[in-house]
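# Close look at the chain arrangement
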Amino acid sequence: MKETRVLVVDDDPDIRSLLRVLLERAGHQVVDAADGKAALREVFELRPDLVVLDVTMPELDGWRTLERIRDVSDVPVMMLTAAASEVEKVRALGAGADDYVVKPFGRQELVARVQALLRRAQAGTREAPSTYADGFLSIDFGQHAVAVGDREVSLTPLEFRLLAAFVRHPRQVLSREQLLELVWGDAYGVAGDQVKLYVGYLRRKLDPEEPERVPIETVRGFGYRYRPPTD
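Here is a short report on the structure shown in this document.

Rules of the game
- Residues numbered from 1 in each chain as written.
- Predicted model: local features only at pLDDT ≥ 70, side-chain atom pairs only at ≥ 80, totals over all residues.
- Heavy atoms only, no water.
- Helix = DSSP H or I, 4+ residues; strand = E, 2+ residues; numbered from the N terminus.
- Buried < 20%, exposed > 50% of the residue type's maximum accessible area, 1.4 Å probe, protein only.
- Arc of directions from axis to C-beta.
- Contact = heavy atoms within 4.5 Å.
- Expected span 1.5 Å × (residues − 1).
- Pairing = 2+ DSSP bridges.
- Axes fitted to C-alpha atoms, helices over the stretch in contact; angles between N-to-C directions.

## Concerning unusual backbone geometry
Across the junction of Lys 103 and Pro 104, the peptide omega takes the value -10 degrees, indicating a cis bond. Mapping Pro 104 onto the fold places it in the loop between β5 (99-102) and α5 (107-125). A positive phi angle, close to 60 degrees, is found at Glu 59, a residue other than glycine. Checked against the element boundaries, Glu 59 lands in the loop between β3 (50-54) and α3 (62-72). Exposure remark for Glu 59: the relative accessible area of 63% places this residue in the exposed category. Within the chain, His 144 stands out as a residue other than glycine whose phi angle is a positive 55 degrees.

## Details of helix α4 (residues 86-94)
Helical geometry: 3.6 residues make up each α-helical turn, so side chains three or four residues apart lie on a common side. Every buried residue of α4 is listed here: Glu 88, Ala 92 and Leu 93. Along α4, the residues classed as buried sweep out an arc of 130 degrees about the axis, all on the same side. In α4, those exposed residues whose orientation departs by more than 90 degrees from the buried face are Glu 86 and Val 87. Structurally, α4 contributes buried residues whose contacts are with α3, β4 (77-81), β5 and α8 (193-206).

## Comments concerning α8
Between its first and last C-alpha atoms α8 spans 20 Å; for 14 residues at 1.5 Å apiece the expected length is 20 Å, and the two agree. Residues of α8 that are buried include every one of Gln 194, Val 195, Tyr 198, Val 199, Gly 200, Tyr 201, Leu 202, Arg 203 and Leu 206, and no others.

## Let's talk about the sheet that holds strand β7 (residues 137-140)
Strand order in the open sheet formed by four strands is β6-β7-β8-β9, with antiparallel pairing between adjacent strands. A single partner strand is all that each edge strand has here, and the edge strands are β6 (131-133) and β9 (151-153). In this sheet, neighbouring strand axes are inclined to one another by 20 degrees on average, regardless of whether the strands run parallel or antiparallel. In this structure, β6 lies alongside β7, joined through three bridges in antiparallel fashion. For Ala 133, the partnering residue across the bridge sits in β7 and is Ser 138. Relative to the sheet, helix α6 (residues 157-167) contacts β6, β7 and β8 (145-148), its axis offset from that of β7 by approximately 110 degrees. Relative to the sheet, α8 contacts β7, β8 and β9, its axis offset from that of β9 by approximately 160 degrees.

Shape is all these values report; function is a separate question.
Here you go:
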């Protein structure tokens with residue numbers, strides 16, 4: 001993997017130092033920031049390939065920093081937090097984070113997750129921009145734009161990748177493991193229930209009034225399938 005730029009954001013200098021050592025050993029260029037405001041400046045100026053972002057920081061915390069990053073970029077973001085509750089994890093993923101790691105973290109696992117997110121991001125950049133349309137929705141992959149009828153749909157980067165995986169494999173049953181590989185980049189350390197969670201998010205985004213109308217079918221015991229309405 002070519003050298004990539006990773007932005008580490010944490011108000012704890014010991015954590016920043018540890019992550020710098022781990023990631024530089026793995027072959028990455030590392031830039032760090034001690035708070036959210038400095039992180040946003042680096043996102044604009046450095047344009048990193050990945051951001052490792054602490055949740056608890058003074059002034060501009062990780063949640064607000066993530067929100068502002070998502071306004072301007074779909075760079076992969078890994079959240080770091082001391083809170084291990086499912087509620088916090090769901091909040092992070094729903095806000096647009098690509099992964100969520102609890103402190104204290106395993107060093108090898110964290111590096112492996114960073115590598116997985118970078119592989120997925122690099123694979124995505126190699127895809128030529130294209131469009132897709134059926135009787136239910138239309139997608140401009142180059143612009144990351146989705147519309148259902150005349151209504152534009154705002155998706156997080158992860159939700160967009162999930163939808164792309166479905167429409168690029170129409171009528172094919174995709175298992176949880178296949179979706180983890182296609183969308184998250186690697187199944188390592190990623191809970192399979194995230195697939196179910198995000199399919200639910202996606203259905204509600206595509207049709208808030210009748211999410212069951214969205215042509216993403218649950219195939220019990222096997223996975224999920226996108227069935228274009230022209231079938």
